[in-house]
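Overview (structure and organization)
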Amino acid sequence: MMNPRANAIARMLLLLAITFAAVGAGVGSTGFENILQAANDPVAWQIVCDIRLPRTLGAWVAGALLGLAGAVAQGLFRNPLADPYLLGSASGASLGVALSLVLFGVSPFATQWLLRLGVTFGAFAGAITGVLLTLLLAKGVQHTLRLLLAGVIVGVVLGAAKELIMLARPDFLQSMQSFMLGSTGYVGWSACSIMLGTWLVCMAAAWALSPALDGLVLGEATAASLGLPLTQLRRALVAVLALATGTAVAQTGLVAFVGLAAPHLVRSVVRTSHSRLILLSSLMGGVLLMAADILSRWVVAPQELPVGVLTALLGGGYLLWLMHRQGVVRDTL
Amino acid sequence: VCLARELKALRPDLSWETDARLTEMDFGHWKGQRWDALDPAERRVLEKLGILLGVNDVQRIWRTIDADISAAARSLPTAAHSARVYFEVNNGPYAAGEASFIGETLARLGVHNIVPASLGSFPKLNPEFVVRANPDLIMVGDYNYIGMEQRPGWSGMRALRDKRVCLFNRDETDMLARPGPRMADGARLMARCIADKLSTITSGTP
């Protein structure tokens, strides 16, 4: 039976997404415009259809993938700090993107289908390598501190490897740097479709695997005693986490804090099972990145802020505020 | 303070910095060492640097460069002066605005830069700004050009549709991207390309 509160939040997030989509279609290099007027101007209409709509929808799907990855990571590793960045998967994905781009000799902003699929596969391979290295280094998921430390180390090492590749190709360095700051400016319909397809697959898989996450909340021994095949389920969940992170990173670069903040925001308003938490975190991530994308092109129009920088500022600020508030509450008790 | 001490130990003849915080630091009495804040994005930076370093004939050298740029501008047909140009520095996309030395050179050549000075020297633009501006000509390094036609919404732009794109190889980009002694060579390179690519406009072909 659907939790009424979770149901209401899901509706509200969907409504917000639709509202932001409408706003996103109207915000451009000249600030906010009435899209109804654009229908009379072929160039304006082309801008709405070919640039604003795919980037707005793309921001939503990329955020949804990161929110989903964050919820899966936090459930799988039983750690509220786990997110694609802290587990090495985002760094691995960015290394995979860099390697793919050097191998194919293409720009990170290329929009051809095959290239985007190739880069996405590279990012997926990199993300799964990053998570596996972290797990190997941490010797499992039992020790939270070790897991986080291993994730940070793997992230730094893979990030450095990516930097080395970029330094070896100076012609490629600037565009790669721009891309890795987080960019939705060149998300076209091809990138959008790839992300949407992946989101559907990941959502279905995560939904099916969510009983394992609910079981893990009770502890590993209890989960095993419930008859859950933990090893296989964990492998499948790591694959979902890597696929969601890799696909998002391959299309939009590194977008920080969405994967970490989205599940926290959901949990701050509703306590629910993982099947709903994953869906709600995904919807929340989509709304967060969509809002950040609109802000990034609105605040300094016609210039643009890298969306990853904006999410880091806002998401990081939110988490700092949350920590401060929890500290204040603890002190008063 | 540590940085100031280390810089002082190096005993430079001239300190050129672009960071205002450095000039605000107390460097004590540095006899014979001059500090100056220069903007590398400015075209006349070369002249200023020559004066500061006490280079002989700096004014003559600068006048020669300046005259060569003027000659490059005169080589362009008058009709090319109405051309609207987009100079892409990086596919972020970062553009060379009117306030940059590249923008100044374009202005000297008499063409119109689509990126106004109010946006700064090298602004990161919303890609749709370029689509809306619909320039007559695009100038870009060959690596950054890869995939430009496939960027969402860009294929319909006049410059891309009519193949009016000046592509610069790495050496040429290197020359264009520095306000050094080869500025006049850069201006000639741009003028040649503008004349070549815009001949279709000036001859009346769309």
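Note that the coordinates shown come from a computational prediction; the quantities given were computed from them, not determined experimentally. (Residues numbered from 1 in each chain as written. Chains lettered and ligands numbered in written order. Predicted model: local features only at pLDDT ≥ 70, side-chain atom pairs only at ≥ 80, totals over all residues. Heavy atoms only, no water.)

1. Looking at the overall build of chain B
Which entries qualify depends on this criterion: Working definition: helices are DSSP H or I runs of at least four residues, strands are E runs of at least two. Numbering for both runs from the N terminus. Note on classification: 1.4 Å probe, protein chains only; a residue is buried when its accessible area is under 20% of the maximum for its type, exposed when over 50%, partly exposed between these limits. In what follows, residue pairs with any heavy atoms lying within 4.5 Å of each other are defined as contacts. Surface exposure here means Shrake-Rupley accessible area, sampled with a 1.4 Å probe, where a residue is shielded only by the protein chains that are shown.
Across its full length, chain B holds eleven helices and seven strands. Within chain B, the fraction of its 206 residues that count as buried is 46%. Contacts spanning at least 24 positions in sequence make up 58% of the contacts within chain B whose residues lie at least 6 apart. Entry remark: accessible area of chain B is about 10000 Å², with carbon and sulfur atoms responsible for 53%.

2. Concerning the interface of chain A and chain B
To keep it simple, the criterion reads: Computed with a 1.4 Å rolling probe, the buried area is the accessible surface lost when two parts are put together, summed over both parts. What counts as a salt bridge is simple: a side-chain nitrogen of Lys or Arg found within 4 Å of a carboxyl oxygen of Asp or Glu. Two N or O atoms form a polar contact when they lie within 3.5 Å of each other; inside protein one atom must be a possible hydrogen donor and the other a possible acceptor, and for residues adjacent in sequence the pair counts only when both atoms belong to side chains. Three classes are used: nonpolar for Ala, Val, Leu, Ile, Met, Phe, Trp, Tyr, Cys and Pro, charged for Asp, Glu, Lys and Arg, and polar for all others, with Gly counted as polar.
Each partner contributes residues to the interface: chain A has 33 residues there, and chain B has 25 residues. Summed over both partners, the interface of chain A with chain B comes to about 2700 Å²; 53% of that surface belongs to carbon and sulfur atoms. Between the two partners, chain A and chain B, sit one salt bridge. Among the ionic pairs, Arg52(A) bridges to Glu128(B), the shortest N-O distance being 2.8 Å. Taken together, the links from chain A to chain B amount to eight residue pairs in polar contact (both at pLDDT 80 or more). Mapped by element, the contributors of at least two residues to the side of chain A that touches chain B are strand E1 (27-28), helix H3 (42-76) and helix H7 (170-180) of chain A. When the residues that make up the side of chain A that touches chain B are grouped by side-chain class, the tally is twelve nonpolar, 14 polar and seven charged.

3. Considerations on the confidence of the model for chain B
All names here are of chain B. What counts here: The quantity called pLDDT is the predictor's confidence in a given residue, expressed from 0 to 100.
In the predicted model, chain B carries a mean pLDDT of 80, and the fraction of residues at 70 or more is 77%. Confidence over residues 24-32 falls short of pLDDT 50; this stretch has 13 contacts with residues more than four positions distant or in other chains. The complex model carries a pTM of 0.84, and its ipTM stands at 0.84.

4. What to know about the pairing of strand E3 (residues 84-90) of chain B
Residue and element names in this part refer to chain B. Quick note on the threshold: Pairing between two strands requires that DSSP report at least two bridges joining them.
The buried count for E3 comes to five of seven residues, which makes it a mostly enclosed element. Of the pairings in the sheet, the one linking E3 to strand E5 (residues 112-113) comprises two bridges and is parallel in character. Residue pairing across strands places Val 85 opposite Asn 113, the latter belonging to E5. Strand direction decides the pairing type here: E3 and strand E6 (residues 137-141), joined by four bridges, are parallel.

5. Here's the deal with the state of the cysteines
Filter applied, for reference: When the sulfur atoms of two cysteines come within 2.5 Å, that pair is taken as a disulfide.
The tally for this structure, following the rule as stated, stands at one disulfide over all chains. At a sulfur-sulfur separation of 1.8 Å, the disulfide partner of Cys166(B) is Cys193(B). Here Cys166(B) and Cys193(B) share a disulfide; its torsion about the S-S bond, -105°, makes the bridge left-handed. Of the two residues, Cys166(B) is situated in strand E7 (residues 165-168) and Cys193(B) in helix H10 (residues 183-197); the sequence distance between them amounts to 27 residues. Accessibility classification places Cys166(B) together with Cys193(B) in one group, the buried group. Here Cys192(A) is not cross-linked by a disulfide; its sulfur's nearest cysteine counterpart is in Cys49(A), at 13 Å. With no disulfide of its own, Cys202(A) has Cys192(A) as its nearest cysteine by sulfur position, at a separation of 16 Å.

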